[in-house]
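# Structure assessment
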Amino acid sequence: MKIFSIVGARPQFIKLAPLSAALAPFHEEILVHTGQHYDYAMSGRMFRDLGIRNPDVHLEVQKDNSTVQVAEMILKLEKEMIRVAPDLVLVFGDTNSTLAGALAAEKCGVPLLHIEAGLRSFNRAMPEELNRVTADHIASYLFAPSPTAVSNLHKEGLTENITLTGDIMVDTLHDNLEAALQFSTMITQLGLKKNAYYLLTLHRNYNVDDAATLVHILSELGKLEETIVFPMHPRTRKMLHPNFEMPRNILLTEPLGYLDFITLEYYAAKIITDSGGIQKEAYLLKKPCITLRTETEWVETVEEKWNLLLNPGAKDLVNPIREFSAPVRQYPIFGNKVAAKMVEAINRIRL
Ligand code: UD1
Ligand code: UDP
């Protein structure tokens, strides 16, 4: 088959890497980058770290207004789909690139496969919720990362062509962890003591777009004794007032390469985040995770008590973070050898 894979944001490059490699012996893949993430640290560096080849098509859509962004992506994607005439379009996750890819595939009449189908936060204040629901309802083929995701799809009346594949990021982490621990020099570079620091990321609209909330979170974290490494997402950097005085225990860095970042996750004592992917990686690496959100798509990590949901608006963030510890017991939630299962399922598709 001729497969048209659409990516645009950092987590999508991470999801693409193992699948793209596994598809190569069987299918022709046309790799399309929408341009949604464009800083070297968010895009080019990920391609380099993960050994992903250069995109065949780069749409260079860089827009701050998400309506204009999605509209421009759809127009450009449609043009490319007509030119390439793919058999199958592949979209990942829940970003604006996912939404644009799904709508363009629908308009062009090309079957759509949605990877990471069935995730729900049930919070419509997140643009991601609309993106993922729309992609699921357009898609002809749904690859679900967890049994909860399958059950969410069933509840919405989607019952056909669902495959419980597990989560593709399991493969990315598995494929790269050994090399990361061997070659990353981040711990020494940042002067960190292994298992004695916390790792922080923040980029959700409701945490960073409101200055008061962002300042509240950082000020609370500033009361902790531990060093907190904080690779700052460009969205957060744009929202943080230049005069804000960062608490002394918070060690700010640029967004890091994947290998450096998973090394920091591996040696962290705790992980504090609002990222979807990082909640999963924390679980896989057996790290207590504090999620600064009121809900999560990855409910199993909370049910298993490895992930604490903490309302970022709560007055006291310090004590819950200090007191949170994870159990010893853990069971595999997200599957394994996921790319191989996905390729098997793709090979079974009869168009
Ligand atoms: C997007 C996804 C989110 C995902 C996140 C991963 C949507 C709606 N959201 O959020 O699901 O978790 O990516 O990181 O698609 N920016 C830069 N340089 C970059 C990238 C972004 O400066 O390389 C700026 C943009 O100009 C924009 C802001 O950051 O002003 C937000 O970027 P955008 O891609 O719209 O959303 P994210 O918050 O990154
Ligand atoms: N990540 C990275 N460098 C960083 C921060 C995160 O490589 O500085 C990786 C992280 O290991 C995970 C992914 O980016 O695999 C998560 O992406 P992000 O938090 O941007 O998006 P989300 O998962 O919330 O959609």
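Here is a short report on the structure shown in this document.

Conventions and cut-offs
- Residues numbered from 1 in each chain as written.
- Chains lettered and ligands numbered in written order.
- Predicted model: local features only at pLDDT ≥ 70, side-chain atom pairs only at ≥ 80, totals over all residues.
- Heavy atoms only, no water.
- Helix = DSSP H or I, 4+ residues; strand = E, 2+ residues; numbered from the N terminus.
- Buried < 20%, exposed > 50% of the residue type's maximum accessible area, 1.4 Å probe, protein only.
- Contact = heavy atoms within 4.5 Å.
- Areas by Shrake-Rupley, 256 points an atom, 1.4 Å probe, with all protein chains shown as cover.
- Lys, Arg positive; Asp, Glu negative; His and termini not counted.
- Charge placed at Lys NZ, Arg CZ, Asp CG, Glu CD.
- Salt bridge = Lys/Arg side-chain N within 4 Å of Asp/Glu carboxyl O.
- Near = heavy atom within 4 Å.
- Polar contact = N/O pair within 3.5 Å; in protein donor to acceptor, adjacent residues only side chain to side chain.
- Nonpolar A, V, L, I, M, F, W, Y, C, P; charged D, E, K, R; others polar.
- Phe/Tyr/Trp six-rings, centres within 6.5 Å; stacked < 30°, edge-to-face > 60°.
- Pairing = 2+ DSSP bridges.
- Axes fitted to C-alpha atoms, helices over the stretch in contact; angles between N-to-C directions.
- Parallel < 35°, antiparallel > 145°, perpendicular 65-115°, else oblique.
- Left-handed = near helix turned anticlockwise from the far one by under 90°.

Counting its secondary structure elements, the protein contains 16 helices and 13 strands. Taken over the C-alpha atoms alone, the protein extends approximately 60 × 45 × 40 Å along its principal axes. Within the protein, buried positions represent 58% of all 351 residues. Put simply, of all contacts in the protein between residues at least 6 apart along the chain, 66% involve residues at least 24 apart. Of the accessible surface of the protein, which amounts to about 15,000 Å², a share of 53% is contributed by carbon and sulfur atoms. In the protein, the 36 positive side-chain charges and the 42 negative ones have mean positions that sit 2 Å from each other.

What follows concerns the pattern of salt bridges. A side chain with one charge may pair with a side chain of the opposite charge, provided their charged atoms come close. This structure, assessed with the given rule, holds 23 salt bridges. Taking the shortest distance from any N to any O, the salt bridge between Arg 45 and Asp 49 comes out at 3.3 Å. One end of the pair is Arg 45 and the other is Asp 49, both in helix 2 (residues 44-50) and four residues apart, which spans about a single turn.

Lining the immediate surroundings of ligand 2 are 18 residues, of which Arg 204, Leu 256, Ser 275, Gly 277 and Glu 281 lie closest. Here a nitrogen atom of ligand 2 and a backbone polar atom of Leu 256 are 2.7 Å apart. Gly 277 is positioned with one of its backbone polar atoms (N or O) 2.7 Å from an oxygen atom of ligand 2. Contact with the protein chains covers 96% of the free accessible surface of ligand 2, which is 530 Å². Going through the elements one at a time, helix 1 (10-23), helix 12 (258-267) and helix 13 (276-284) are the ones with two or more residues in the shell around ligand 2. Take the shell around ligand 2: its biggest share by element is four residues, from helix 13. Class assignment of the residues belonging to the shell around ligand 2 gives a composition of 10 nonpolar, five polar and three charged.

The next point concerns unusual backbone geometry. A positive phi is found at Ala 85, a non-glycine position, where the angle reads about 50 degrees. Looking at where Ala 85 falls in the secondary structure, it is placed in the loop between helix 3 (66-84) and strand 4 (88-92). Looking at Ala 85, the relative accessible area reads 48%, which means it is partly exposed.

Scanning the model with the defined rule gives five aromatic pairs in all. A centroid spacing of 5.9 Å and a plane angle of 85 degrees characterise the contact between Tyr 283 and Phe 334, whose relative ring orientation is edge-to-face. Of this pair, Tyr 283 sits in helix 13 while Phe 334 sits in the loop between helix 15 (318-323) and helix 16 (338-347), placing them 51 residues apart in sequence. One aromatic cluster in this structure is built from Tyr 283, Trp 298, Trp 306 and Phe 334.

What follows is about the sheet that holds strand 6 (residues 141-144). Sheet architecture is open: seven strands sit in the order 3-2-1-4-5-6-7, paired in parallel fashion. This sheet does not close on itself; its edge strands, each paired only once, are strand 3 (57-58) and strand 7 (162-164). Examined bridge by bridge, strand 6 and strand 7 share three bridges and lie parallel to one another. When the bridges of strand 7 are listed, Ala 144 appears paired with Leu 164. Strand contacts of helix 3: strand 1 (2-7), strand 2 (28-33), strand 3 and strand 4, with the helix running at about 165 degrees to strand 1, the strand carrying the most contacts. Strands in contact with helix 4 (residues 96-108) are strand 1, strand 4 and strand 5 (112-115); relative to strand 4, the strand with the most contacts, it is inclined by about 160 degrees.

Residue placement: Asn 131 occurs in helix 5 (residues 127-138). For Asn 131, a relative accessible area of 3% puts it in the buried group. Filtering out sequence-adjacent residues up to four positions away, Asn 131 remains in contact with Asp 94, Thr 95, Asn 96 and Leu 99.

Between helix 1 and helix 16, the shortest axis-to-axis distance is 9 Å and the interhelical angle comes to 50 degrees. In terms of orientation, helix 1 lies oblique with respect to helix 16. Read as a crossing pair, helix 1 and helix 16 show a hand that is right-handed. Residue-level contacts link Pro 18, Leu 19, Ala 22 and Leu 23 of helix 1 to Ala 339, Met 342, Val 343 and Ile 346 of helix 16. Tallied by class, the residues present in the contact of helix 1 with helix 16 amount to eight nonpolar, no polar and no charged.

Turning to the site of ligand 1, a few remarks are in order. Around ligand 1 there are 20 residues in total, and Gln 36, His 37, Tyr 38, Asp 64 and Glu 128 lie nearest to it. With respect to ligand 1, the side chain of Asp 64 contributes an N or O atom lying 2.7 Å from an oxygen atom. One of the backbone nitrogen or oxygen atoms of Asn 96 is found 2.8 Å away from an oxygen atom of ligand 1. In the complex, 92% of the free accessible area of ligand 1, which totals 740 Å², lies under the protein chains. Those elements giving two or more residues to the shell around ligand 1 turn out to be helix 5 and helix 11 (234-239). Classifying every residue of the shell around ligand 1 by side-chain character gives six nonpolar, seven polar and seven charged.

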